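Examination of the molecular architecture
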Amino acid sequence: MNIPMTPEFYLMLAIGLGLLAFGWVLVRFGIQAAAFGLGFLFGFNLYTALLDIVPRVDPQFVRFFPDNPYTPLFVGAVMGICALLLSKKIFQVLIFVGSLSGILYVLYFDEEQRALLNNFLRWAGVLEPLNRTVGNLWPAALAILLALLVLYLQKRILMIITACVGSYIISDTLKIPILFLPLCFIGILLQQTKRRSTWKKSGD
């Protein structure tokens, strides 16, 4: 087996190792960085647009908008910090809405998956009681419960996803497919151990 030791090889290996061992940390950092960047751009562009619009609407209000070149940067930084503080809540809302939408689509519009679920519930003996009690609303209630479960398990789910993605990148880069599953388990254990150590430090 001849693997070319190119810069791309080392880059992909570094990305894979990073996702494998620090996937959740990298995701959280990426979310925070994206939130700050979007907030900064919004604040900067909004203030710049106001400097252009306000004089046309009412010149008397111009005195409330300093035209110092650093003012848009300051406003952008403030908006970026606000977005950073709200990033966790916004991310949780996006996870809940995305999960709920996907589950509702599967339960109401994917006939094959709905038939499998109905067969399972019929086998469990709860389909008829559900239909008698809430009619066709029980899939919506189930979707809400599952979306809440995904929201509660978001960190663990992201740990599994990032560990598996990192494992795939490493095994594909090294051209050793058999490493995929062992590295997945190792990555999950590494991230879970790091998470527990973080909890202990915060508890201290």
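This text goes with the structure placed above it.
None of these values were measured; they are calculated from a predicted model.

**Remarks on the overall build of the chain**
Helix and strand content of the chain: 7 helices and 0 strands. Reading the chain from its N end, one meets helices and strands in the order α-α-α-α-α-α-α. Against the 2.2 N^0.38 benchmark of 17 Å for 204 residues, the chain shows a C-alpha radius of gyration of 25 Å, more extended than a compact globule. By principal-axis analysis of the C-alpha atoms, the chain measures approximately 75 × 60 × 40 Å. Across the 204 residues of the chain, 25% fall into the buried class. Contacts in the chain between residues far apart in sequence, at least 24 positions, make up 75% of those at least 6 positions apart. Of the roughly 14100 Å² of accessible surface on the chain, a fraction of 73% belongs to carbon and sulfur atoms. Charge centroids of the chain, computed over 16 positive and 10 negative side chains, lie 14 Å from each other.

**Re the state of the cysteines**
Here the structure, examined in full by the defined rule, presents 0 disulfides. Between Cys164, a cysteine without a disulfide, and Cys184, which holds the nearest cysteine sulfur, the sulfur-to-sulfur distance is 3.4 Å. The class for Cys164 is partly exposed, based on a relative accessible area of 24%. Its relative accessible area of 5% is what places Cys184 among the buried residues.

**Some details on unusual backbone geometry**
Of note in this structure, Lys175 is not a glycine but carries a positive phi near 60°. Of note, Lys175 is situated in the loop between α6 (154-174) and α7 (180-203).

**A word on the packing of helix α1 (residues 7-57) against α6**
Relative orientation of the contacting elements α1 and α6 amounts to 170°, with a least axis distance of 8 Å. Taken together, the axes of α1 and α6 are roughly antiparallel relative to one another. Taken together, the residues of α6 that come into contact with α1 (itself represented by Phe9, Met12, Leu13, Ile15, Gly16, Leu17, Leu19, Leu20, Gly23, Trp24 and Val27) are Lys155, Leu158, Met159, Thr162, Ala163, Val165, Gly166, Ser167, Ile169, Ile170, Thr173 and Leu174. Residues belonging to the contact of α1 with α6 are distributed by class as follows: 16 nonpolar, 6 polar and 1 charged.

**Considering the nonpolar core**
With 9 residues, the main nonpolar core is built from Leu100, Ile103, Leu107, Leu117, Leu121, Leu127, Trp138, Ala143 and Ala147. Looking at this core, the elements that each hand over two or more residues are α2 (71-109), α3 (111-124) and α5 (138-152). Among all residues touching Trp138, those that are not within four sequence positions of it are Arg114, Leu117, Asn118, Leu121, Leu127, Leu130 and Asn131. Counting residues in each nonpolar core, the second largest holds 5 residues, with Phe9, Leu13, Ile170 and Leu183 among its members.

**Considerations on the side chain of Ser87**
By the secondary structure assignment, Ser87 is in helix α2. Not counting residues within four places of it along the chain, the set of residues in contact with Ser87 comprises Ile31, Gln32 and Ala35.

**Topic: α6**
With 21 residues, α6 ought to run about 30 Å at 1.5 Å a step, and its terminal C-alpha atoms sit 30 Å apart, in line with that. For α6, the set of buried residues is Gln154, Leu158, Met159, Thr162, Ala163, Gly166, Ser167, Ile169, Ile170, Ser171 and Thr173. Taken from the residues just after α6, Lys175 is the one with a positive phi, measuring 60°.

Procedures and definitions
- Residues numbered from 1 in each chain as written.
- Predicted model: local features only at pLDDT ≥ 70, side-chain atom pairs only at ≥ 80, totals over all residues.
- Heavy atoms only, no water.
- Helix = DSSP H or I, 4+ residues; strand = E, 2+ residues; numbered from the N terminus.
- Rg over C-alpha atoms; globule rule 2.2 N^0.38 Å.
- Buried < 20%, exposed > 50% of the residue type's maximum accessible area, 1.4 Å probe, protein only.
- Contact = heavy atoms within 4.5 Å.
- Areas by Shrake-Rupley, 256 points an atom, 1.4 Å probe, with all protein chains shown as cover.
- Lys, Arg positive; Asp, Glu negative; His and termini not counted.
- Charge placed at Lys NZ, Arg CZ, Asp CG, Glu CD.
- Disulfide = S-S within 2.5 Å.
- Axes fitted to C-alpha atoms, helices over the stretch in contact; angles between N-to-C directions.
- Parallel < 35°, antiparallel > 145°, perpendicular 65-115°, else oblique.
- Nonpolar A, V, L, I, M, F, W, Y, C, P; charged D, E, K, R; others polar.
- Core = buried A, V, L, I, M, F, W, Y, C linked by side-chain atoms within 4.5 Å.
- Expected span 1.5 Å × (residues − 1).

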